[in-house]
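# Geometric and topological summary
One-letter residues, chain by chain:
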Amino acid sequence: MFAAGSAHYLKPSGGGTTPGTVMFLTADVSQDVAGLDVSAGAVRWALRCVYRRHRRYTGQVLDTCGDDRAALAAQVDQWACTAEAAWLYAYDTVAALNATQLAEQLCALGWELSRQFGTSPRAMWVVLHKGKRVTVRHDRDASHGGAATRTKWAHTITIADARALSVLAPRDGTAAATDVSVMAAAVLALMDWWDAQNLGRWSVTGAALGWRSYRATLGPKSVVIDHDETLLAFERRAVYGGRRDVAVVGAPGAPRYAELDFEAAYPTIAAACMLPCAYGGQLPVEAFDPSLYHNPSIGVIAEVTVATDQPRWPARIDGKVFYPIGRFRTTLAGPDLEDAFEAGAVVQVHEAHWYRMSRHLAAWGRWVGQLMAAPASVVPEPVRRAAKHWSRAVIGKFAQRGWSTRPWVGPPCDGWVIEQTPFLGKTHQVVTIGLDGVYYLSEADQRGDHERPAVLAFVEAHVRVRLSRLIGGLYQHAVVQWDTDGLIVSLPRLGELAMRRGYVTNRAGVRGFDIDRLLRQWSQVCWPLTIRCKTIMERMVLYGPQHVVSDTLTKLAGVPHGAVQVRPGVYVGEVRPRLGRASPDDPTGFGAATTAEFTINGPYASGWVLADGSVRPPEASVTPDGRNRLLPWPHTRWAHAGDRLGPLQALWADGLWRAIEPQPPPPQQQQLPVPGRRDEPIHDQAGTITGRQRIHAV
Amino acid sequence: MDLPPRAAGLYSTWWSFVSYAANAVSAAGDFLYNLIDVSSAASSISKSVGGDYANYNPIGISQLFSVARNIAKAGAALGSANPNAQIDQSMVAEAPWSRPLVDQLAMPSWQARSQVTYVNEAGQRVSEYFTVGIDLVLPSTVGDLQSQISSSLDGMLTAGPTEGTPRRGQLVSVDSITLLSV
């Protein structure tokens with residue numbers, strides 16, 4: 001049993017409002033401005049201050065610009081000191097602080113680093129404060145026996161990245177980097193709307209705002225958050241991310257494909273399904289009763305051994321997630337577990353725990369779904385974009401590790417130090433941040449006040465089960481790729497299969513395939529989710545589930561946003577190898593952006609890639625000590641059946657197969673393969689995507 | 001660490017310079033600069049640069065140099081030790097920025113400043129300093145320390161972007177380690 005007594009109720013959002021004084025900063029981070037003496041420390045900047053609520057200046061909007069770093073800091077200091085709490089948004093915090101040295105300059109004006117900061121691979125935020133006042137407390141003693149003191153600050157300034165709010169349209173990205181009015185319009189629109197909805201205190205990131213919006217819909221004592229690390233670790237084992245893979249690598253089938261996806265999958269599940277709200281207890285595995293699933297107020301997460309011929313349930317093998325066939329041990333949340341029991345795939349239950357279920361996310365899920373679907377005339381565009389971000393981020397937040405921050409020590413330094421600081425024996429992330437010799441250490445050590453990974457595990461499982469119904473259903477031979485809440489189908493193949501089943505239209509005397517009716521039927525199968533056609537593509541090349549290049553859609557995971565194709569399979573994008581200065585001894589300052597080449601040289605499939613490009617799921621077995629292992633290729637059922645392995649495999653297969661001499665390519669087939677068997681060769685003349693192509697989605 | 005008052009007065013301005021000078025070694029591994037070199041250079045800098053650097057006194061510099069040289073010697077001792085050797089006091093130096101003694105006793109902690117060569121995300125081979133933290137207990141041998149630090153840095157550099165690391169790269173080598181008690 002898990003330890004009891006370390007739990008609390010998730011609190012509904014309290015009061016509060018958005019910031020009253022907000023500044024917006026753009027800086028020419030390229031430093032490539034004619035007539036500017038960069039060597040003398042000049043940088044062109046523009047600053048806007050909006051007094052949204054202020055005892056004297058409400059409604060005033062002040063603009064200034066210049067090319068002197070000290071002048072910028074003096075202006076920020078002056079405006080920030082007119083308020084108790086001011087916020088400053090930059091388009092790219094790291095680049096802007098690097099170019100302007102604003103934080104260092106503010107320190108010279110008496111500002112100090114606080115323990116509130118955050119970093120991510122792409123952005124950072126930090127709170128500085130000024131005007132320290134220490135007062136003696138009369139209501140308690142300090143731990144060392146003397147009088148306890150309370151520190152107050154006259155002014156704080158939160159420096160945050162506007163991109164972290166996810167309110168800027170992709171087309172506005174470049175403009176927002178150089179034009180404060182573009183950035184200000186989007187951020188202020190969200191702030192005004194937030195106040196109008198009375199959603200409470202403002203936060204630095206979009207995910208945190210979304211979380212507050214969820215807590216604003218929460219009743220008291222609705223969700224119990226446990227701090228038992230063993231319990232959290234168990235729940236986390238049932239979190240896998242979405243199901244993703246490809247049925248074929250290369251150019252699959254005949255031209256013309258459709259990208260289909262579930263509309264607002266996570267908030268829809270949140271709105272319609274019961275989800276865990278509190279830990280119940282451990283269940284005896286000897287007499288484990290699958291009929292528990294029919295009680296909607298109970299949800300189960302269990303560690304089971306599965307034996308299956310369908311690649312349908314996730315499992316971790318050597319730290320990576322696979323959807324294997326064969327026999328394996330895995331931890332499954334409610335919907336997946338029910339699916340596995342119904343398929344007769346569960347051969348043993350090792351450990352099971354039950355959870356109380358409720359609709360604590362239902363109101364929020366409906367609300368976010370409505371925001372995303374509302375017309376622009378009703379809900380401002382930045383709000384709709386933010387809501388879309390919240391729809392993904394809030395449920396993920398249930399599994400996000402908590403961070404704790406403590407003062408730390410380091411050598412004296414001028415300016416910033418941001419350093420990832422691995423600790424021996426600690427597997428979680430630790431970051432050190434320092435400004436002018438004041439250091440803090442922040443670690444993701446699982447002490448969050450929001451962690452209930454079971455919620456994410458159930459939502460993921462709900463979506464995964466519905467996606468699996470489509471991938472493994474009657475139309476499986478038309479499905480070529482799937483990723484979390486969407487899939488790509490070959491339209492000719494899907495049409496042929498659908499018309500055989502009566503999905504036929506007759507327009508102007510021409511018989512055709514009624515995709516609308518088919519999608520309605522699929523939506524019924526996947527209730528409460530509804531599936532829609534998102535993109536039509538003429539030609540496509542699949543390298544893996546997250547590496548798709550077509551004439552209208554390009555997904556290349558790992559390649560930076562905005563990268564440009566310079567030759568087939570090779571992209572050039574901008575990277576910032578380092579977020580911050582590595583240490584006080586590092587003379588290079590903040591990591592400068594540089595360009596790098598990214599070569600797409602898959603396959604990136606999670607299964608075996610055969611000589612004809614089709615993909616077979618990996619096969620697993622359980623060792624006597626209960627660990628999963630992947631079978632080497634020669635021991636798989638595919639090898640025994642005579643399948644020929646392709647010359648290239650994904651990295652996961654290293655050591656499980658031996659490369660073979662490349663064979664001459666088979667002649668390309670013009671005709672569609674006959675549906676019904678997935679192992680038939682599927683090739684066509686889909687062309688290589690050439691020319692300069694900009695990445696829109698990664 | 002409580003520095004002597006004169007050293008404490010120079011610490012925030014001069015530490016970087018003194019630390020560099022005390023740690024610089026020739027290709028043969030000999031220290032390049034002694035106290036006389038450093039004092040002379042510091043005196044010259046204080047006159048020519050001015051500003052914060054105008055605050056200079058030779059006694060404070062010599063006290064700082066002594067602390068920095070102890071750190072350099074500890075690093076050299078650790079670097080030349082047999083991998084099977086136990087980590088002893090000669091291989092660990094107290095950092096001038098260390099916490100108060102009562103905190104150190106309550107929760108011992110070390111910083112391993114490691115000079116690392118790696119290939120960064122842009123494909124460039126770079127050499128940088130990383131700090132690896134160690135709480136409560138040091139690895140038992142020099143070899144254990146080196147392998148654990150190497151493994152820890154490799155994990156940090158190769159972790160995927162979704163795991164929140166700002167750097168991605170491929171570790172080439174850990175070139176030196178200086179162990180500081182903080």
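Residues numbered from 1 in each chain as written. Chains lettered and ligands numbered in written order. Predicted model: local features only at pLDDT ≥ 70, side-chain atom pairs only at ≥ 80, totals over all residues.

On a plain count of helices and strands, chain A comes out with 15 helices and 36 strands. Sequence separation of at least 24 residues holds for 71% of the intrachain contacts in chain A that already meet a minimum separation of 6. (Helix = DSSP H or I, 4+ residues; strand = E, 2+ residues; numbered from the N terminus. Contact = placed C-beta atoms within 7 Å.)

What follows covers the overall build of chain B. Within chain B one finds 5 helices and 4 strands. Of the regular secondary structure in chain B, the N- to C-terminal order runs α-α-α-β-α-β-β-α-β. For the C-alpha atoms alone, the extent of chain B along its principal axes is close to 50 × 40 × 35 Å. With 182 residues in all, chain B has 34% of them scored as buried. Taking contacts inside chain B between residues at least 6 apart in sequence as the whole, the part at least 24 apart equals 66%. (Buried ≥ 20, exposed ≤ 12 C-beta atoms within 10 Å, placed from the backbone.)

This brings us to the environment of Ser181 of chain B. All names here are of chain B. Note that Ser181 resides in strand β4 (residues 169-181). Separated by 132 residues in the primary sequence, Ser181 and Val49 place their C-alpha atoms 33 Å from one another. Discounting residues that sit within four places of it in the chain, Ser181 has contacts with Val92, Glu94, Ala95, Ser98, Gln104 and Trp110.

This next bit is on the nonpolar core. With 223 residues, the main nonpolar core has Met23 and Met183 of chain A together with Leu64 of chain B as its most contacted residues. Per-element tally for this core: the top contributor is helix α12 (residues 453-471) of chain A, with 12 residues. A domain-level breakdown of this core finds at least three residues from each of domain 1 (5-80) and domain 2 (94-181) of chain B. Look past the residues within four positions of Leu64 of chain B in its chain and what remains in contact with it is Ala7, Leu10, Tyr11, Trp14, Trp15 and Val18 of chain B. (Core = buried A, V, L, I, M, F, W, Y, C linked by C-beta atoms within 7 Å. Domains from an automatic or database assignment.)

Glancing now at the sheet that holds strand β23 (residues 486-490) of chain A. All names here are of chain A. Strand order in the open sheet made by the 5 strands is β10-β22-β23-β11-β26, with antiparallel pairing throughout. Taken across any chain shown, the strands that pair with only one partner, and hence form the sheet edges, are β10 (244-246) and β26 (531-537). When strand polarity is set aside, the average angle formed by the axes of neighbouring strands in this sheet is 20 degrees. (Pairing = 2+ DSSP bridges. Axes fitted to C-alpha atoms, helices over the stretch in contact; angles between N-to-C directions.)

Residues with a pLDDT of 70 or more make up 87% of chain A, whose mean pLDDT is 85. Low pLDDT (under 50) marks residues 667-698 of chain A, which in the prediction has 67 contacts with non-local residues, meaning those over four places away or in another chain. (pLDDT = per-residue confidence, 0-100.)

Let us now look at the environment of Ile325 of chain A. Residues and elements named next belong to chain A. Mapped onto the elements of the fold, Ile325 is located in strand β16 (residues 325-333). For the pair Ile325 and Asp67, spaced 258 residues apart in sequence, the C-alpha to C-alpha distance is 63 Å. Among all residues touching Ile325, those that are not within four sequence positions of it are Thr308, Asp309, Gln310, Pro311, Pro617 and Glu619.

A few words on helix α7 (residues 229-237) of chain A. Residue and element names in this part refer to chain A. Those residues of α7 that fall on the buried side of the exposure criterion are Leu231, Leu232, Phe234 and Glu235. For α7, the angular spread of buried residues about the axis comes to 160 degrees, placing them on one side. Structural note: α7 exposes Thr230 and Ala233 on the side pointing more than 90 degrees away from its buried face. Where α7 is buried, its residues contact β9 (224-226), β12 (275-283), β13 (298-308), β17 (346-358) and α12. (Arc of directions from axis to C-beta.)

So, about the sheet that holds strand β27 (residues 540-544) of chain A. Residue and element names in this part refer to chain A. Strand order across the open sheet formed by 3 strands is β27-β28-β29, with antiparallel pairing between neighbours. The open sheet has two edge strands, β27 and β29 (554-556), and neither has a second partner. Recorded for the sheet is a direction-independent mean angle of 15 degrees between the axes of neighbouring strands.

Moving on to helix α11 (residues 381-397) of chain A. Every α-helix carries 3.6 residues per turn, so stepping three or four residues along brings you back to the same face. All names here are of chain A. Between its first and last C-alpha atoms α11 spans 24 Å; for 17 residues at 1.5 Å apiece the expected length is 24 Å, and the two agree. Regarding α11, the residues found buried are Pro382, Val383, Arg385, Ala386, Ala387, Trp390, Ser391, Ala393, Val394, Ile395 and Lys397. The inward-facing, buried residues of α11 abut α5 (180-196), α6 (206-216), α8 (265-272), α10 (362-373) and α12. (Expected span 1.5 Å × (residues − 1).)

Glancing now at unusual backbone geometry. Residues and elements named next belong to chain A. Backbone torsion omega between Trp527 and Pro528 reads 5 degrees, so that peptide bond is classified as cis. With respect to the secondary-structure elements, Pro528 resides in the loop between α14 (515-525) and β26. A positive phi angle, close to 55 degrees, is found at Lys221, a residue other than glycine. Turning to its location among the elements, Lys221 is positioned in the loop between α6 and β9. Its identity is not glycine, yet Thr484 carries a phi of approximately 65 degrees, on the positive side. Note on placement: Thr484 falls in the loop between β22 (479-483) and β23. Accessibility expressed as a C-beta count within 10 Å gives 20 for Thr484, which makes it buried.

Residue and element names in this part refer to chain B. As far as domains go, chain B holds domain 1 (5-80) and domain 2 (94-181). Taking the mean C-alpha position of each, domain 1 and domain 2 sit 24 Å from one another. The interface is formed by 8 residues belonging to domain 1 together with 7 residues belonging to domain 2. Residue assignment for the side of domain 1 that touches domain 2 shows that the elements contributing at least two residues are α1 (5-23) and α3 (58-80). Residue contributions to the side of domain 1 that touches domain 2 peak at 6 residues, all from α3.

On to the environment of Ser151 of chain B. Locating Ser151 of chain B in the fold gives a position in helix α5 (residues 142-158). Assessed through the 14 C-beta atoms surrounding it within 10 Å, Ser151 of chain B is described here as partly exposed.

The next thing to look at is the packing of α6 of chain A against α11 of chain A. Residues and elements named next belong to chain A. In contact at an axis separation of 8 Å, α6 and α11 are set at 80 degrees when each is read in the N-to-C sense. The orientation of α6 with respect to α11, classified from their angle, is roughly perpendicular. Contacts from Gly206, Ala207, Leu209, Gly210, Trp211, Ser213 and Tyr214 of α6 reach α11 at Ala386, His389, Trp390, Ala393, Val394 and Lys397. The residue inventory of the contact of α6 with α11, partitioned by class, reads 8 nonpolar, 4 polar and 1 charged. (Parallel < 35°, antiparallel > 145°, perpendicular 65-115°, else oblique. Nonpolar A, V, L, I, M, F, W, Y, C, P; charged D, E, K, R; others polar.)

All names here are of chain A. For the pair α5 and α11, interaxial distance at closest approach is 8 Å and the crossing angle is 80 degrees. Judged by the angle between their axes, α5 and α11 are roughly perpendicular. The segment α5 lies against α11, with Ala186, Ala189, Leu190 and Trp193 engaging Pro382, Val383 and Ala386. Among the residues forming the contact of α5 with α11, the class breakdown is 7 nonpolar, no polar and no charged.

Residues and elements named next belong to chain B. Looking at chain B as a whole, its pLDDT mean stands at 88, while 94% of the residues score no less than 70. Mean pLDDT across the elements of chain B ranges from a minimum in strand β3 (residues 125-135), with 88, to a maximum in strand β1 (residues 92-94), with 94. Predicted as a complex, the structure gets a pTM of 0.81 and an ipTM equal to 0.89.

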